[in-house]
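The chain contents come next:
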Amino acid sequence: MAPETIPYDSADFLDSPDAIAAYIEAAFEDGDPTVITHALGVVARAKGMSELARTAGVTREALYKALTAEGDPKLSTFIGVLKALGLRISAKAA
């Protein structure tokens with residue numbers, strides 16, 4: 001008999017600004033653009049895609065498309081999403 005499993009969704013645990021920031025920071029530490037885009041998509045679902053799109057100044061459809069596995073968000077979309085999430089990026093020497 002196979003073990004019973006339940007679905008896991010990271011979005012269920014992104015319930016505070018600190019949790020969201022830590023999640024996005026971990027994605028940046030990975031450095032893979034696909035991982036970063038996926039992480040932004042998970043956060044967008046956690047926060048509400050429609051509201052986030054409105055706050056970021058893009059359509060919901062454009063945001064969905066940009067944050068898919070095949071998506072490659074424009075820099076303006078990326079920065080808009082970060083601002084809508086109350087986040088900002090910074091650079092430091094590797």
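Up top is the structure these notes are about.
Keep in mind it's a predicted model, so treat the numbers as computed, not measured.

Calculation criteria
- Residues numbered from 1 in each chain as written.
- Predicted model: local features only at pLDDT ≥ 70, side-chain atom pairs only at ≥ 80, totals over all residues.
- Heavy atoms only, no water.
- Helix = DSSP H or I, 4+ residues; strand = E, 2+ residues; numbered from the N terminus.
- Expected span 1.5 Å × (residues − 1).
- Buried < 20%, exposed > 50% of the residue type's maximum accessible area, 1.4 Å probe, protein only.
- Arc of directions from axis to C-beta.
- Contact = heavy atoms within 4.5 Å.
- Salt bridge = Lys/Arg side-chain N within 4 Å of Asp/Glu carboxyl O.

Novice: Describe helix α1 (residues 17–30), naming the residues involved and giving the relevant values.
Specialist: With 14 residues, α1 ought to run about 20 Å at 1.5 Å a step, and its terminal C-alpha atoms sit 20 Å apart, in line with that. Every buried residue belonging to α1 is among Ile20, Ile24 and Ala27, and all of these are buried. Buried positions in α1, seen along its axis, are confined to an arc of 55 degrees and lie on one side of it. What points out from α1, more than 90 degrees from its buried face, is the exposed set Asp18 and Glu29. For α1, the secondary structure elements touched by its buried residues are α2 (33–47).

Novice: Mind laying out the pattern of salt bridges, listing which residues take part and the relevant values?
Specialist: According to the stated counting rule, one finds 3 salt bridges in the structure shown. Its salt-bridge partner being Asp9, residue Arg45 comes within 2.9 Å of it at the nearest N-O pair. Taken as a pair, Arg45 in helix α2 and Asp9 in the segment before α1 lie far apart in primary sequence, 36 residues in all. Among the salt bridges present, the one from Glu61 reaches Arg60, with a minimum N-O distance of 3.7 Å.

Function-wise, these values are silent; they only describe arrangement.
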